[in-house]
Amino acid sequence: MEGEKVDGQIKDIHIKVADKKLPILSLSGGNQQKVVIGKGILTTPKILLMDEPSRGIDIGAKTEVFEIINKYAEEGLSIIVISSELQEIVAISDRIIVLSNGIKTGEFYGDEIEQDTLVLASYKGHH
């Protein structure tokens, strides 16, 4: 049963692995990140919290990670992504809450989500 679930995640989120029994450190950074996401998904969460999911991985792996995020969001999973990468957040978000110095300085939906608006909201927390 466990092996089947692992095989399912490897296939579902396209983890490139020669042998599933090899240590995670033998994988590329992007595939290590996908393993972490897959482990989280196996817990069947209602909400998945992802802190800097694209930090330290190459552009191809970033694209794959965001495709995985979009896939599960479309399936109805609520995903909270924390990131300092503004362009990435704008590209994948349906709703953004800006926190600056511990203060909520903005909340944006759909067409309101623009880099300039987010920058201005983050600046508010410094005054």
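For the structure, see preceding data.
None of these values were measured; they are calculated from a predicted model.

S.K.: Residue-level account of the nonpolar core, with values.
M.R.: Judged by nonpolar contacts, the single largest core of 17 residues is most densely connected at Ile37, Ile41, Ile69 and Tyr72. Where this core is concerned, the elements lending two or more residues are helix H2 (29-42), strand S1 (47-51) and helix H3 (59-74). With six residues, the top contributor of residues to this core is H3. Ranked by size, the runner-up nonpolar core spans seven residues in total, among them Ile89, Val98, Phe108 and Leu118.

S.K.: If you had to explain the pairing of strand S4 (residues 103-109) to someone new, which residues and values would you point to?
M.R.: Pairing geometry for strand S3 (residues 95-100) and S4, over six bridges, is antiparallel. Looking at S4, one finds that Val98 is bridged to Gly106. Counting the residues in the hairpin turn of S3 and S4 gives two residues, including Asn101, whose phi is positive at 55°.

S.K.: Provide a residue-level description of H2, including the pertinent values.
M.R.: Under the 1.5 Å per step criterion, the end-to-end length of H2 is 20 Å for 14 residues, consistent within 8% with the ideal 20 Å. At the C-terminal side of H2, Thr44 shows a positive phi close to 45°.

S.K.: How would you sum up a nonpolar patch on the surface? Please name residues and give values.
M.R.: Taken together, the side chains of Ile47, Leu49, Ile80 and Ile82 make up a nonpolar region of the molecular surface, amounting to roughly 380 Å² of accessible area. Listed by contribution, the elements that provide at least two residues to the nonpolar patch are S1 and strand S2 (78-82). According to the relative accessible area criterion, Leu49 is exposed, its value standing at 56%.

The rules we used
- Residues numbered from 1 in each chain as written.
- Predicted model: local features only at pLDDT ≥ 70, side-chain atom pairs only at ≥ 80, totals over all residues.
- Heavy atoms only, no water.
- Core = buried A, V, L, I, M, F, W, Y, C linked by side-chain atoms within 4.5 Å.
- Buried < 20%, exposed > 50% of the residue type's maximum accessible area, 1.4 Å probe, protein only.
- Helix = DSSP H or I, 4+ residues; strand = E, 2+ residues; numbered from the N terminus.
- Pairing = 2+ DSSP bridges.
- Expected span 1.5 Å × (residues − 1).
- Patch = residues over 30% accessible without salt bridge, like charges linked within 9 Å, V, L, I, M, F, W, Y side chains within 5 Å.
- Areas by Shrake-Rupley, 256 points an atom, 1.4 Å probe, with all protein chains shown as cover.
- Salt bridge = Lys/Arg side-chain N within 4 Å of Asp/Glu carboxyl O.

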